[in-house]
Every structure is written in C-alpha cells, then in structure tokens.
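A look at the structure
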Amino acid sequence: MSVYKFGVFGFPVSHSLSPAMHTAAFSALGTDNCEYKAYAVEPDNLKEEVLKAQADGFCGLNLTIPLKEKIFETGLIIPDDFAQKAGAVNTLKFQGDKIYGYNTDAAGALAALEYEGCETSGKKILIIGAGGASKSISLLFGERGNELKIINRTDEKAARLAAEIIEKTGNRNISGGGFESAREDLKAADIIIQTTELGMGKYEGVSLFDELSISSSEIREIMNEKQTVFDIVYNPSETKFLEEAKTAGAKTINGMMMLVFQGALAFEIWMGKKPDEKVMKDAVLNALAGKE
Ligand code: ATR
C-alpha cells in the first residue's frame, strides 16, 4: 500500500500540534494510508529538505516558524497571490514537478472570528503587533476594506506595515504607529486582534495593559461589551489580556480555532475536500491537555 506523505517543517517543531490535528482529520476520512509528521528543519537546510520531500513523493507540507518567509529565498515555489503579497507561506502542495505555496493563516483567523459569530464587514479593527502573524492578518482585512489601525512596540515597524498594506490593497483607511495612542485606539475599535507574543511563553501572565501601565479600573473605562477581542495565542487558552478584556465586558476569542481553521484550509488544498473540523479541534484540545 502506498503512503501519502504530509508533514510540518519548522525549527523548533516539537511543540507543533499539527501532527495530532491532521492525523485525526485523515483518520476521520477513513484513510489509513496518509501520514503527517513533524520535521525539524533548520532555515539553512530548507531548500535541500523541500527538494528531498519532493523526491520522496510528499503530497503536502506545512511550514512554521522560522520558515514561512524563508521559503521565498529557495526559489522553489509558485506562491498564490495572497501568499506572495503576505510574503509568507504556511502550506506547500506538491503537484507533478511543481510546488505551490499558500498562506492559510489569515483566512484561518477570519474563519475563527466568523465561527465565534463575530461579523467583521465594515468594522473598525485594531491590530496589536507588526510581526509575521500581524502581516498576513492585516493584509487580509486591508483587502476586505476594513478600517485598520496597527500598533506596535516598535512604532516604525507598524507605520511601515501600514504603508505596505495601503500600497498592496489600495485601502487608504489604514494607519500604523506606536503604543502611545493605545488607550484611544482600544476605545475606538470594534474588533481588537492581538498578534504579539505577550501572554505566552516567557511572557505568560503579562498583558498589553501591563506594558502600558493601564489599571483594571481604566481597562473598564476603555473597553466595552460591544467589542470583540481576539488573541491569536492558544496556549494558554486564556491570556491575561483576554481575561482582563473579558472582565471589562468584551467578547473574547482565543487562537485555538484559528489554528484549527488554518489547518483545515491546508487540508482542503491538499485533499480537495473539507476535513471534519470538530475532530481537528478535539485533537488539538487533547494534545494541549497532554502537554499541561
Ligand atoms: P510573529 O511571526 O509571531 O508575529 P515576530 O515576527 O517575531 O513573530 O513578531 C513579534 C511581534 O511581537 C512584534 O510585533 C513584536 O514587537 P516589536 O516589533 O516591537 O519587536 C511583538 N512583541 C514581542 N515581544 C513584545 C513585548 N514584550 N511587548 C510588546 N510587543 C512585543
């Protein structure tokens, strides 16, 4: 029986929940001839490892940190329009002698908001952070015509990203700057998307409000119950930022369904059919419980 090979390349990659999530999705389809594994690939070996995967008959790969941008340097892939504009690829599809590149991260974020009943059309969105994750999410909402404000600790990075998205989308309702206007920006937004590392890893227990010395009583003045706050972090399941926003009355969403939907969209690109997203979600929940 031939095996259809899939996997995720990253460095480090041992923390990845993608093998659990995709293996569950393949099983739910009734296929026992698909395998999905994590491979630690250093950035300098990316070209060689992708070529090796192609020669080994791989069908598809996900790329994670720090390879999503690096893949462009290999000259191996044909990116779709969105991935090209975002400058980041998280999904590769091997077809004949071609390798196609896609970015399902931002569409995953949008799907997660919709799944939680958050209407995004015409809404004023505040994006916190100007790194890789912010870039594709900002691009997607810029393309959709939303009014966007991007704020970042390093203000010039946010200003640069805003200018880049205006240029790529023609949407002029986008601006970027530092944290000094955060109070007003938080107050004015319908939807707030937190894309930085605050709240996870070495920053677990730290929130944007701490960084800005905003007190809990002030948080309650700034935030309101009409707002939705989406933090793309999924581990911990509730960052301090989300907890504080929830206490102030906002609707909150964590990053778990974004993880599931970006995976489900990659699965669809490879398999030509939708996976069972509930099965993928349960696999993520189980894997997270096992890691605690
Ligand atoms: P990713 O691909 O996950 O977005 P990244 O490209 O390294 O990762 O970007 C990290 C983001 O988190 C940046 O917006 C970064 O802000 P700077 O551009 O000022 O570095 C933000 N970030 C990381 N640590 C932070 C902290 N302690 N306080 C505020 N922002 C932080």
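Refer to the preceding data block for the structure.
What this report covers is the structure whose coordinates are included nearby.

1. Digging into the pattern of salt bridges
Taken as a whole and assessed by the stated rule, the structure comprises 17 salt bridges. We note a salt bridge from aspartate 105 to lysine 68, for which the minimum N-O separation is 2.8 Å. On the criterion of sequence distance, the pair formed by aspartate 105 in helix H5 (residues 105–115) and lysine 68 in the loop between strand S3 (58–63) and helix H3 (71–74) is long-range, its members being 37 residues apart. In this pair, the class of aspartate 105 matches that of lysine 68, namely buried. Here glutamate 164 ties to lysine 168 by a salt bridge, and the two come within 3.1 Å at their closest N and O atoms. With glutamate 164 and lysine 168 both in helix H7 (residues 155–169) and four residues apart, the pair spans about one turn of that helix. The exposure class assigned to lysine 168 is partly exposed, which follows from its relative accessible area of 31%. Taken together, the salt bridges that share partners define one network made up of Asp81, Lys85 and Glu143.

2. Here's the deal with a positive patch on the surface
On the surface, Arg153, Lys157, Arg160 and Lys202 cluster together into a patch of positive charge. By the element assignment, lysine 157 lies in helix H7. Owing to a relative accessible area of 37%, lysine 157 belongs among the partly exposed residues under this scheme.

3. What about helix H12 (residues 256–271)?
Here H12 spans 22 Å end to end across 16 residues, near enough to the 22 Å set by a 1.5 Å rise per residue. Where burial is concerned, most of H12 is hidden: 12 out of the 16 residues are buried. Taken together, the buried positions of H12 are Met256, Met257, Met258, Leu259, Val260, Phe261, Gln262, Gly263, Ala264, Ala266, Phe267 and Trp270. Taken from the residues just after H12, glycine 272 is the one with a positive phi, measuring 75°.

4. A closer look at the site of the ligand
As a matter of local geometry, the ligand sits amid 14 residues, with Gly132, Asn152, Arg153, Thr154 and Lys157 nearest to it. Interatomic distance of 3.0 Å between a backbone N/O atom of alanine 133 and an oxygen atom of the ligand. One of the side-chain nitrogen or oxygen atoms of lysine 157 is found 2.7 Å away from an oxygen atom of the ligand. Of the residues contributing to the shell around the ligand, the split by class is four nonpolar, six polar and four charged.

5. Regarding the environment of isoleucine 99
You can see isoleucine 99 is positioned in strand S6 (residues 98–102). Taking relative accessible area as the criterion, isoleucine 99 reaches 2% and is therefore assigned buried. Along the chain, isoleucine 99 and glycine 30 lie 69 residues apart, while their C-alpha atoms are 27 Å from each other. Ignoring sequence-local partners within four residues, the contact set of isoleucine 99 consists of Val50, Gln54, Leu76, Ile77, Ile78, Leu92, Lys93 and Phe94.

6. Quick look at the side chain of threonine 196
Its place among the elements puts threonine 196 in the loop between strand S10 (191–194) and helix H9 (208–211). In this structure the side chain of threonine 196 is engaged in a polar contact, spanning 3.1 Å, whose partner is the backbone nitrogen of leucine 198. Once residues within four sequence positions are removed from consideration, threonine 196 is found in contact with Ile128, Gly129 and Val233.

7. Side note on the packing of aromatic side chains
With the rule as written, the count across this model stands at eight aromatic pairs. A ring pair is formed by phenylalanine 6 and phenylalanine 26, whose centres lie 5.0 Å apart and whose planes are at 35°; its orientation type is tilted. With a gap of 20 residues between them, phenylalanine 6 in strand S1 (residues 4–10) and phenylalanine 26 in helix H1 (residues 18–28) connect regions that are remote in the sequence. The interplanar angle of 45° and the centroid separation of 6.2 Å between the aromatic rings of tyrosine 36 and tryptophan 270 together place this pair among those described as tilted. Taken together, the residues tyrosine 36 in strand S2 (residues 34–40) and tryptophan 270 in helix H12 connect sequence positions 234 residues apart. With respect to burial, tyrosine 36 and tryptophan 270 carry one shared label: buried.

8. Details of the packing of helix H6 (residues 132–143) against H7
Packing of H6 against H7 brings their axes to within 10 Å, and their N-to-C directions diverge by 40°. On the basis of their axis angle, the class for H6 and H7 is oblique. In the packing of H6 onto H7, the handedness of the crossing is right-handed. Across from Ser134, Lys135, Ser138, Leu139, Gly142 and Glu143 in H6, the residues of H7 making contact are Leu161, Glu164, Ile165, Lys168 and Thr169. The residue inventory of the contact of H6 with H7, partitioned by class, reads three nonpolar, four polar and four charged.

9. Comments concerning the sheet that holds strand S9 (residues 174–177)
The parallel open sheet is built from six strands, whose spatial order is S9-S8-S7-S10-S11-S12. Across the chains shown, the open sheet's two edge strands, defined by having one partner strand only, are S9 and strand S12 (251–253). Taken pair by pair, the neighbouring strands of this sheet meet at an average axis angle of 15°, ignoring direction. Where strand S7 (residues 124–128) meets strand S8 (residues 147–151), five bridges bridge the pair, whose relative direction is parallel. Along S8, the bridge assignment pairs isoleucine 128 with isoleucine 151. Contacting S7, S10, strand S11 (228–231) and S12, helix H11 (residues 240–247) runs over the sheet at an angle of about 170° to S11.

So, how was this worked out
- Residues numbered from 1 in each chain as written.
- Predicted model: local features only at pLDDT ≥ 70, side-chain atom pairs only at ≥ 80, totals over all residues.
- Heavy atoms only, no water.
- Salt bridge = Lys/Arg side-chain N within 4 Å of Asp/Glu carboxyl O.
- Helix = DSSP H or I, 4+ residues; strand = E, 2+ residues; numbered from the N terminus.
- Buried < 20%, exposed > 50% of the residue type's maximum accessible area, 1.4 Å probe, protein only.
- Patch = residues over 30% accessible without salt bridge, like charges linked within 9 Å, V, L, I, M, F, W, Y side chains within 5 Å.
- Areas by Shrake-Rupley, 256 points an atom, 1.4 Å probe, with all protein chains shown as cover.
- Lys, Arg positive; Asp, Glu negative; His and termini not counted.
- Charge placed at Lys NZ, Arg CZ, Asp CG, Glu CD.
- Expected span 1.5 Å × (residues − 1).
- Near = heavy atom within 4 Å.
- Polar contact = N/O pair within 3.5 Å; in protein donor to acceptor, adjacent residues only side chain to side chain.
- Nonpolar A, V, L, I, M, F, W, Y, C, P; charged D, E, K, R; others polar.
- Contact = heavy atoms within 4.5 Å.
- Phe/Tyr/Trp six-rings, centres within 6.5 Å; stacked < 30°, edge-to-face > 60°.
- Axes fitted to C-alpha atoms, helices over the stretch in contact; angles between N-to-C directions.
- Parallel < 35°, antiparallel > 145°, perpendicular 65-115°, else oblique.
- Left-handed = near helix turned anticlockwise from the far one by under 90°.
- Pairing = 2+ DSSP bridges.

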